[in-house]
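In case you want the letters, here they are:
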Amino acid sequence: MSHAAAPPRPPPPPAEEHPTATGIDNRKLAIWALIGSECLFFASLISTYLVYKGKSLIGPLPHTESQCMLHGKLQTCEGVFEIPLVTFGTAVLLFSSFFVVLALYGAQRGNRKMLIGWLAGTVLSGMFFVGMQVYEFTHFYHKGMGYGTNLFSSTFFTLTGFHGSHVTVGVIWLATLLVLAVRGKIPAEKALNLELAALYWHFVDVVWIVIFPTVYLLR
Amino acid sequence: MATGVLDHAPAAPAPETTGIWGWITTVDHKRIGILYGTTAFMFFLLGGIEALIMRLQLMKPDNTLVSAATFNSLFTMHGTTMIFLGVMPLSAMFFNYFIPLQIGARDVAFPRLNAFSYWVFLLGGLFVNFSFLLNAAPNAGWFGYANLTETTYSPGLNTDFWVLGLQILGIASMAAAINFFVTVVNPRAPGMRMLRMPMFVWMSFITQILLLLAFPVITVALIFLMMDRHFGTHFFIPAGGGDPVLWQHLFWIFGHPEVYILILPAFGIVSEVLPVFSRKPLFGYTAMVFSGAFIAFLGFGVWSHHMFSTGMGPFADSFFAISTMLIAVPTGVKIFNWLGTLWGGSLQFRTPLYFAVGMVAMFIVGGLSGVMHAVPPADLQQTDSYFVVAHFHYVLFGGAIFGLTAGAYYWFPKMSGRMLDETLGKLHFWLMFIGFNVTFFPMHFLGLNGMPRRVYTYPAGLNFEFWNRIETYGALLLGASFLVFLWNLGATFRKPAHAPADPWRGATLEWLIPSPPQEFNYAEVPPVNSSTPAWDLRRAHGRPLPEPLRVSGAGIHMPRPSKWPAVTAVGVLGVIGSMLLTHAVQHWYAITLTGAAILFYGVYRWAFEPAF
C-alpha cells in the first residue's frame, strides 16, 4: 500500500480471464441465473394454459369440433391444430440445438469453417421455426381464432408467442455472432461468447420440449 | 479478482467522473448505491406523506379531508411506493454499497448492468408517480385484485400506470438480482468462503434467489392483466370464462416471497449490528444461514394463506396453515440467536444497536400476529380488518424499516466519511419507537372490533373514534422522528468529514479501508480466515489497527463509465410505457417501436463497448 513506482508490466488481461471464486465465468453464471428465472416465467404460462384447458366458452378448440364465430355467424369449426407441421418445426428446432453444439465445437478448436457453417445452420433453423409459427398464427386467425376469442386462444397465443419471442431474441443474438464469426472475431479464446448464446438457445429448445407435448399432444 | 496493487500496469488516466454527467455514466457500485439510497429515501418520504394524509383523514369520524376516490389512490400508492420504491431500493442501496465491500471485491460482477438497474428503477418510480399529475393515480390496491382491476370496474389510466410501472420496476429488480447473485458467488476475495461471508451478504444472497424466482410470476400475471385491459382477452374476466382467483394465486406466489425479499436484508443488517455492538461473534452463524435459507424455501409454499377467505376447501387450508406455521420455526431460531448474541455481551449502547434491538422486539410482535393469521378460522375473522394492517406494519415497519435504519446509522460513516450525531440518533429512535407503537398497536384492537381496512371514513358511535385519534397522534410523532433524522443528516453534512475507518470496531472487511472507501475499494485484499476478518487482524495486531492510508491506486484497473445503461433504460421505459396509450393514441405502436429501437441500439452499443 505505498506509492512505490511499479515496474513496467504487460497490459492487463481481458476481464473475462480474471479468476473467480468458483472458476465459472461471471457471464455464464448470469445466464444460468436468467435460465432459472425463466423457468418460473414459462411455468406460470404453462400452468395457466393447463388450468384453463377445456374452459373455453366458445370455439375454436385445439383438437375437437366446436361452435365458433366465423365471418359474423355461428358455425361448426374443426380443431385448429395441424400436428404434422408443428412436429416438423419442433424437429428443426431440436436439430438446431445439435447444430449450435457443432458450431461451438468448431469455435473452440479454431475451425472457422465449421463454426460459420453450423452457426448459419442454427440461425436458419431458428428462422424456420419462427416462420412456421408466424404461418400457424396467421392460419389460426383466418380460422376465426383471434387473440381474445376464447381462453384457449388467449393462453395459447400468450404461451407460444412468448416462446416465439424468445426464439427471435436467440436468432438475433446468434445472427450477430454469425456476423462476428464471418469477420473472424470469434477466435478459439473467445468461444465463450458463443457458448453463452448456445446455453440460452438450448434452454429455449428445452422449453419447447415441454410446450409441444403439453399443448399439441395432450388432448 | 486481482488482489494486489501491482498486478497491472498503470492504466490510462480514469475518464472524468465528476458533475451530473459523471453520475449518469457512473458504474461504481458505491455511487450507484448512493443514487439508490437518495432516490429511495425521497420515495419513502413521499409514501410517508401519503400515510400521514390517510391518518389525518381517519382522525375523526365522517371526516372530509380527502374524498373516497383520493383515499383509494392514497392507500394504493402508499403500499406500492413503500414496497417497490422504498424498502426494496433502500435494501438495494446496501446491496450495492456493501456486498462488494464485505466480500472484498472491486465492484459488482456487472457494473454496467448495475447502472442499468438503477436507471430503470428511477424511470419506473417516476412513471408510477407521474400518474398523480394526470389525476390518474393507481387506486385499486397494491395487490391489484382482479377483476376489480379490469376495465369494467377500473376504467381510466390509473390501473395501467400501476400495471406498467410494476413491469418496469420488475425489470430493474431482475437485472439487479442476476447481478448480485453472480457477485456473491463469483468475485469473492480469496479465503472468503461461502460459510465465512458476513450474514448481511448471506441474507442478501438468499434475497436475490427469491427475486429471481418470484418476479417472473408477477410478470406473467401483469402481462395477463395488461392483455385483458388492452388487447381483448379474458384471463381474469368471468364473463369470458376467466377466473379472478387465478390472479390471486399468481400474485401471492410472487407476493409471499416478496415479503421475505423485504425482510431478509433487514435480518442481515441486524445480524451485522448486534455482534459488533455486543463485542461477540454472531451466535449460531451456521444456524442463521440455514434458517434464512429455510425461510426462503418455505416462503414459496405458503402463498394461499393470503387467500383463506376465497374458500379453497379444508385440504388446501390445512396445507397452507401448517406450512405457514412451520415458518415460525426458522424465524424463532433467528430471534433466539440474536438474543444469544446479545446475552453476556459487552453492550455498546450506540444508535445502531438501539434500532437493531428495536427491530428484534417489534418483529416478534408482528411474527406472533402472523402465526394467528396462519389459523384459517382466526384468519377469517381478521382478514380485511385493521388487525391485518397492524400485523404487516409490525413486520415491515417494525421489522424492515427499523432494520434498515439500524443499517443507515451503522454504515453512514463508511458511506459519507461523517459521523451522525448520537444524541439526535437516539432521539430519532425513541420518537420512532413510541410513534410506531402508538400508531400501529391500537390497530389490533380496532381490527378485532371490526374496523375494515381501506375504508376512507367511519361513522361515529362504533367505538372507533378513540383509537383512531390516538393512532393519528402516533403517526404525527412517527413523521416527526424522520424530521429529526433529516435534521441529523443536514447537521452532519455541515460538519467536517473525519470519520475514522472503523468507528464501531467492526468485524467485517469494509472497516479496514478509509471512510468513504476509494473507488477501487481495496488496494490489497487482506487475508480472510474466518467470518470476522477485521477482528482477526486486530487480535493479531494486539492493539487497535493504525488508520489505513489513502493510496494512489495507480495501476488498478477499474471499469469505464458508460452512458449506454441509461440509454437502454430509456428504451425500456418507451417500450413498456407506450402500452399506456393503446386506447388514447391511434398510432401508439410508433412509440413502442421508437422505444424498441432505442433499446436495441443501447444494447448493441453496450455489448460492443469495452468494459475496462
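Just so you know, these numbers come straight off a predicted model, no measurement behind them. (Residues numbered from 1 in each chain as written. Chains lettered and ligands numbered in written order. Predicted model: local features only at pLDDT ≥ 70, side-chain atom pairs only at ≥ 80, totals over all residues.)

J.: I keep staring at the overall build of chain B and nothing clicks. Help me out?
T.: Looking only at helices and strands, one finds 17 helices and zero strands in chain B. For 612 residues, the compact-globule formula gives about 25 Å, and the C-alpha radius of gyration of chain B, at 24 Å, lands near that figure. The dimensions of chain B, computed from C-alpha atoms along their principal axes, are 70 × 60 × 50 Å. A separation threshold of at least 6 residues defines the contact pool for chain B, and within that pool the share at least 24 residues apart is 83%. (Helix = DSSP H or I, 4+ residues; strand = E, 2+ residues; numbered from the N terminus. Rg over C-alpha atoms; globule rule 2.2 N^0.38 Å. Contact = placed C-beta atoms within 7 Å.)

J.: Any chance you could explain the overall build of chain A here in plain terms?
T.: Summing up its helical and strand segments, chain A has five helices and two strands in all. In chain A, the succession of helices and strands from N to C terminus is α-β-β-α-α-α-α. For chain A, the C-alpha radius of gyration of 23 Å lies well beyond 17 Å, the compact-globule estimate for 219 residues. Judged by the C-alpha coordinates and their principal axes, chain A covers about 85 × 40 × 25 Å. By residue count, 35% of the 219 residues in chain A fall in the buried class. (Buried ≥ 20, exposed ≤ 12 C-beta atoms within 10 Å, placed from the backbone.)

J.: Would you explain the pairing of strand E1 (residues 66-70) of chain A in this entry?
T.: For a regular strand, the rule is simple: side chains alternate between the two faces of the sheet. Residues and elements named next belong to chain A. Bridge count between E1 and strand E2 (residues 73-77): five bridges; the pairing is antiparallel. Considered in E2, the bridge of Gln67 is made with Thr76. Taking the residues that link successive antiparallel strands as the turn, the E1-E2 hairpin has two residues, and the phi of His71 there is positive, at about 50 degrees. (Pairing = 2+ DSSP bridges.)

J.: Which parts of the structure should I look at to understand unusual backbone geometry?
T.: Excluding glycine, residues mostly carry a negative phi; peptide bonds, for their part, are mostly trans. With omega at 0 degrees, the peptide bond leading from B:Ala146 into B:Asn147 counts as cis. Within the secondary structure, B:Asn147 is located in the loop between helix H4 (111-130) and helix H5 (158-185). Here the residue pair B:Ser515 and B:Pro516 is connected by a cis peptide bond, since its omega of -10 degrees sits within 30 degrees of zero. Not every positive phi belongs to a glycine, and A:His71 is a case in point at roughly 50 degrees. You can see A:His71 is positioned in the loop between E1 and E2. On the neighbour-count criterion, A:His71 (6 C-beta atoms within 10 Å) is exposed.

J.: Which parts of the structure should I look at to understand the nonpolar core?
T.: Here is a general trend for soluble globular proteins: nonpolar side chains tend to be buried in one another's company. Ranked by size, the top nonpolar core spans 229 residues in total, and within it B:Val120 and B:Val270 carry the most contacts. With 22 residues, helix H6 (residues 199-230) of chain B is the largest single contributor of residues to this core. (Core = buried A, V, L, I, M, F, W, Y, C linked by C-beta atoms within 7 Å.)

J.: In this structure, what is going on with the environment of B:Asn529? I would like to understand it.
T.: Residue and element names in this part refer to chain B. With respect to the helices and strands, Asn529 occurs in the loop between helix H14 (465-494) and helix H15 (533-541). Along the backbone, Asn529 and Arg193 are 336 residues apart, and their C-alpha atoms lie at a distance of 8.9 Å. Not counting chain neighbours up to four residues away, the residues in contact with Asn529 comprise Gly191 and Asp536.

J.: Can you walk me through the confidence of the model for chain A in this structure?
T.: Keep in mind that low pLDDT regions are not for reading the predicted coordinates in detail. Across chain A, pLDDT averages 91, with 92% of residues at or above 70. Confidence drops under a pLDDT of 50 for residues 1-17 of chain A, and excluding neighbours within four residues, the segment shows 21 contacts in the predicted structure. (pLDDT = per-residue confidence, 0-100.)

J.: I tried to follow the packing of helix H13 (residues 422-448) of chain B against H14(B) on my own but got confused; where do I start?
T.: Two measures define how a pair of helices packs: the angle their axes make with one another and the distance between the axes. Residue and element names in this part refer to chain B. Following both chains from N to C, one finds H13 and H14 inclined at 155 degrees, their axes separated by 8 Å at the closest point. Between H13 and H14, the interaxial angle falls into the category roughly antiparallel. The way H13 lies across H14 gives a crossing that is left-handed. For the contact of H13 with H14, a count of residues per class yields 21 nonpolar, seven polar and one charged. (Axes fitted to C-alpha atoms, helices over the stretch in contact; angles between N-to-C directions. Parallel < 35°, antiparallel > 145°, perpendicular 65-115°, else oblique. Left-handed = near helix turned anticlockwise from the far one by under 90°. Nonpolar A, V, L, I, M, F, W, Y, C, P; charged D, E, K, R; others polar.)

J.: Sorry, what's going on with the packing of helix H3 (residues 112-142) of chain A against helix H4 (residues 151-182) of chain A here?
T.: Residue and element names in this part refer to chain A. Running from amino to carboxyl end, H3 crosses H4 at an angle of 155 degrees, the nearest separation of the two axes being 9 Å. With respect to H4, the axis of H3 lies roughly antiparallel. Crossing geometry of H3 relative to H4 is assigned as left-handed. Taken together, the residues of H4 that come into contact with H3 (itself represented by Leu115, Ile116, Leu119, Ala120, Thr122, Val123, Gly126, Met127, Phe129, Val130 and Gln133) are Thr160, Gly164, Val167, Thr168, Gly170, Val171, Leu174, Ala175, Leu177, Leu178, Ala181 and Val182. Classifying every residue of the contact of H3 with H4 by side-chain character gives 16 nonpolar, seven polar and no charged.

J.: When you look at the confidence of the model for chain B in this model, what are you seeing that I'm missing?
T.: A residue-level look at chain B finds 97% of positions with pLDDT of 70 or above and a mean pLDDT of 94. Reported for the predicted complex are a pTM of 0.94 and an ipTM of 0.93.

J.: Would you take a moment to explain the environment of B:Ala507 for this structure?
T.: Residue and element names in this part refer to chain B. Inspection of the secondary structure assignment puts Ala507 in the loop between H14 and H15. A tally of 23 C-beta atoms within 10 Å means that Ala507 is categorised as buried. Along the backbone, Ala507 and Ala611 are 104 residues apart, and their C-alpha atoms lie at a distance of 33 Å. Dropping the residues within four chain positions of it, Ala507 is found in contact with Pro275, Val276, Thr532, Ala534 and Trp535.

J.: Could you clarify how one ought to interpret the environment of B:Ile32 in this entry?
T.: Looking at the element boundaries, B:Ile32 is found in helix H2 (residues 29-57). Apart from the residues within four sequence positions on either side, B:Ile32 is in contact with B:Thr26, B:Asn96, B:Asn114, B:Ala115 and B:Tyr118.

J.: Help me understand helix H2 (residues 83-108) of chain A in this model?
T.: Each full turn of the α-helix corresponds to 3.6 residues, which orients residues three or four apart in the same direction. Residues and elements named next belong to chain A. Here H2 contains 26 residues, and its C-alpha end-to-end distance of 38 Å stays within 8% of the 38 Å for a straight helix at 1.5 Å per residue. For H2, every residue scored as buried is listed here: Val86, Gly89, Thr90, Leu93, Ser96, Phe99, Val100, Ala103, Leu104, Gly106 and Ala107. In the stretch just after H2, Gly110 is the one whose phi turns positive, near 70 degrees. (Expected span 1.5 Å × (residues − 1).)

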